[in-house]
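What follows is each chain in one-letter form.
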Amino acid sequence: MSSAPDPKRTSHYVTDAFYDALVRDFTDWQKDDAVLGDVGLRDSARAFLEREARLLDRHLFADWLELFAGECLYWVPATPGGGDPRREVAVCLDDRRRLEDRVFRMATGFAWSQVPESRTVRLVTNVEPFATGTEGIFMVRSNFLINEFRAGESRSLAGWCGHRLRRVGDGFEILVKQVNLMECDQNLRNPSNII
Amino acid sequence: MEDLKPRAGRPTDAAASFDWDALVHDDRVHRTIYTDPDIFAAEMTAIFGGTWTYLAHESQIPENHDFVTTLLGLRPIIVVRDAAGVIRALFNRCAHRGATVCRAAAGSARVFQCPYHGWTYFNTGKLSGVPWPDGYACDFDDAKYNLAQVPRVESYRGFIFGTLNPDAASLVDHLGPMAPIIDQWLDRHPGGRVRLCEANRLKYKGNWKLAYDNSADGYHVKFSHRSLLEMENRLKVGNQKGMSFYKDAPDDAPMYVQYLGNGNHFKDKRPNIEPRPGALWEIEGPHPGMEHFEERLRERLGEAAARALDLCASEPVNINIFPNLLILGNHIQVLQPRAVDETDTTWYGTAVVDDANELDGAVDDVNTLRMRALESFPNFGEVDDAVNFEEIQRGLMAEEDPWVYMHRGLDVPGRVKTDENGVITAPATDEVFMRETFKHWKRLMASPPKLTIQRET
């Protein structure tokens, strides 16, 4: 192949090796001895997640997509912990193209589950960075509480995220965002908004 | 067997207190069938349990002592494969004071012990013992102290159904012409079977029949799923993807809808697809990993890759078995009423099982692709339908404007055909299947079967 395939158009990077790494990276990573005590790192990770929350709350989805690496994943497991997504379906497991599909669909104006669209306020707390053994790549655990108002009703969604982040210059890019909803294995009403 | 009066003490029974002919017409139904809590309560006995109702899939309880918990209507049920391998549907309700005896979603258990007072039952439902029995004067060998259970439990090719109607026809007779359609859906898989895996679990604030009405409805697709159709074709690669055959003149397309009796209906979109291996895969919308795994399967299997890839693509059928089982694409969707205006719709994924290695070692790649394809419609299609169901439920609050029409195709000459077996066939957007289902619904509601439970003796 003369040049690398464009992950916005074709999905060549979601391979067995990718899934192997995903399952490995998201198993048993929140160890006390891997917590990174560097206050500066923790503060910059928190600032990054707060900006992500703001972009989502403001529906700036194109800007939000730019937080992700080209070859990325947005993953909401349907079972606590997530299992092996090769053997079970997830609430969603979006690669770059499907994540852009998701944003595109909402922008059509005909995605009735988001007409009217959700208004959200999200609180992101308990931010803890963990070392991964790879230079420049961190796992970050954070808790979230999203208050979502749509079509005359309010509800709360709670859970925690595992972000796999790569250091890029002064900032980060998201390699994988795993969203662990408290009710992930329960029947969810209108889960169409990006979490 | 015990005769039951589930609503004992109520002043009237629903069958006699509603004028069903006034609520269900040839061309329309009354709003109250979707909004009235008393009608809903009557459905939970006349329909859910009154007729064969889907409970679980055998692949969820492969070994003796395996169980899953579910509901039959609103009754908590344990579907268990007992020590002798018999599949039973036990009422998850202690014979003593009524607490559920099993609180896990699934597992393996030889006995169920009630957490409240410790009454313990074998997984046949028979009472094994109670604490301090010398405090009782009764004879605990009396069957009334065993767990109640569904008297008729039968499977068709892995799909487990139950009914409380002792006079019901056998399951296979009840399914009638649906049975060979289920066969076709299964037989394209190696070994003619699938294994349930995890599910996309959704809920909407609306009546359960709104989803059942929708399940063979070809009229809504272009409108309710407009965003999905646009999304799947946004990159303009290869053939038109997914359900694009609904876009122009769906009634002129070779697909069709059928009503097959007992409330069951079938939407067959397969005739839209060229009858050759690989044609289904070519219209599959984009999903994660598809190009990589397709290349791998083609390298590994050569020409045989086309069949393997078709197994990853969404089978273009909707096989709807009244009242709660919707087999569509590669999903086994189960409707679970929660209240008159609340319904859970659980989209179980299905995985390919290839014990005989028909796929030459490629089954894991096939399932990896299949899981991602399965996530597509619940994420980008069903969410929009579910909101439309909720908005119907809101609209039906307009009491003075009570009618819901389903007369598309009615009295249009030459449009609807009935064969010698009573199977009705119509163009894809026809609503004849809904009208026929409501006739069946009306019959069940107007003269509900007498229900029984059973206990081990």
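Residues numbered from 1 in each chain as written. Chains lettered and ligands numbered in written order. Predicted model: local features only at pLDDT ≥ 70, side-chain atom pairs only at ≥ 80, totals over all residues.

Focus: the overall build of chain B
The helix and strand tally for chain B stands at 15 helices and 23 strands. For 457 residues, the compact-globule estimate of 2.2 N^0.38 gives 23 Å, and the C-alpha radius of gyration of chain B, at 23 Å, lies within 12% of that figure. A separation of at least 24 residues holds for 66% of the contacts in chain B among residues at least 6 apart in sequence. (Helix = DSSP H or I, 4+ residues; strand = E, 2+ residues; numbered from the N terminus. Rg over C-alpha atoms; globule rule 2.2 N^0.38 Å. Contact = placed C-beta atoms within 7 Å.)

Details of the interface of chain A and chain B
Tallying the contact residues gives 36 residues for chain A and 42 residues for chain B. Of all elements in the fold, only strand S2 (92-94), helix H4 (96-107) and strand S7 (188-189) of chain A reach the threshold of two or more residues within the side of chain A that touches chain B. When residues in the side of chain A that touches chain B are grouped by element, the largest group, five residues, is from H4 of chain A. A breakdown of the residues in the side of chain A that touches chain B according to their chemical character gives 14 nonpolar, 11 polar and 11 charged. Pairing of S7 of chain A with strand S13 (residues 194-204) of chain B involves two bridges; the strand directions are parallel. Counted as the bridge partner of Arg189 of chain A is Lys203 of chain B from S13 of chain B. (Nonpolar A, V, L, I, M, F, W, Y, C, P; charged D, E, K, R; others polar. Pairing = 2+ DSSP bridges.)

Some details on the domain arrangement of chain B
All names here are of chain B. One can read the domain layout of chain B as domain 1 (53-163) and domain 2 (177-440). Averaged C-alpha coordinates put domain 1 and domain 2 at centres separated by 33 Å. Each partner contributes to the interface: domain 1 provides 10 residues, whereas domain 2 provides 13 residues. Counting residues per element, the side of domain 1 that touches domain 2 draws most heavily on strand S3 (residues 53-57), which supplies three residues. Classifying every residue of the side of domain 1 that touches domain 2 gives four nonpolar, five polar and one charged. (Domains from an automatic or database assignment.)

A short note on the sheet that holds strand S6 (residues 87-91) of chain B
Residue and element names in this part refer to chain B. In spatial order, the strands read S6-S5-S4-S7; together these four strands make up an open sheet with antiparallel pairing. Of all strands in the sheet, those with a lone pairing partner are S6 and strand S7 (106-108), marking the two edges. The mean inter-strand angle of the sheet, taken between neighbouring strand axes irrespective of direction, is 30 degrees. Sheet topology note: the strand S4 (residues 66-72)/S7 ladder contains three bridges and is antiparallel. Across the sheet, residue Asp66 finds its bridge partner in S7, namely Ser108. (Axes fitted to C-alpha atoms, helices over the stretch in contact; angles between N-to-C directions.)

A short note on H4 of chain A
With 12 residues, H4 of chain A extends 17 Å between its outermost C-alpha atoms, agreeing within 8% with the 16 Å of an ideal straight helix rising 1.5 Å per residue. Within H4 of chain A, nine of the 12 residues are buried, which leaves the element mostly enclosed by the surrounding structure. Three or more residues of H4 of chain A are buried, namely Arg96, Arg97, Arg98, Leu99, Glu100, Asp101, Arg102, Arg105 and Met106 of chain A. On its buried face, H4 of chain A sits against helix H3 (61-65), strand S1 (68-76) and S2 of chain A together with helix H9 (226-232) and helix H14 (376-395) of chain B. Where H4 of chain A ends, the next residue or the one after it, Gly109 of chain A, has phi of about 85 degrees, a positive value. (Expected span 1.5 Å × (residues − 1). Buried ≥ 20, exposed ≤ 12 C-beta atoms within 10 Å, placed from the backbone.)

As for the packing of helix H12 (residues 305-312) of chain B against helix H13 (residues 363-374) of chain B
Packed helices, taken two at a time, are described by the angle their axes make and the gap between the axes. Residues and elements named next belong to chain B. Contact pair H12 / H13: the axes reach a minimum separation of 8 Å and the direction vectors enclose 35 degrees. Each of Ala308, Leu311 and Cys312 in H12 lies in contact with H13, whose residues at this interface are Val366, Leu369, Arg370 and Ala373. Its residues assigned to classes, the contact of H12 with H13 comprises six nonpolar, no polar and one charged.

Some thoughts on unusual backbone geometry
The linkage connecting Val115 of chain A with the following residue, Pro116 of chain A, adopts the cis geometry, with an omega of -5 degrees. You can see Pro116 of chain A is positioned in the loop between H4 and strand S3 (119-131). Cis geometry is found at the peptide bond from Phe322 of chain B to Pro323 of chain B, where omega equals 0 degrees. Summarising the element assignment, Pro323 of chain B is placed in the loop between strand S16 (317-321) and strand S17 (325-328). The backbone of His65 of chain B sits at a positive phi, close to 80 degrees, despite the residue not being glycine. Position of His65 of chain B relative to the elements: it lies in the loop between S3 and S4. Its identity as a non-glycine residue notwithstanding, Arg157 of chain B has a phi of 50 degrees, on the positive side. With respect to the helices, strands and loops of the structure, Arg157 of chain B is situated in the loop between strand S11 (152-156) and strand S12 (159-163). Exposure remark for Arg157 of chain B: the 15 C-beta atoms within 10 Å place this residue in the partly exposed category.

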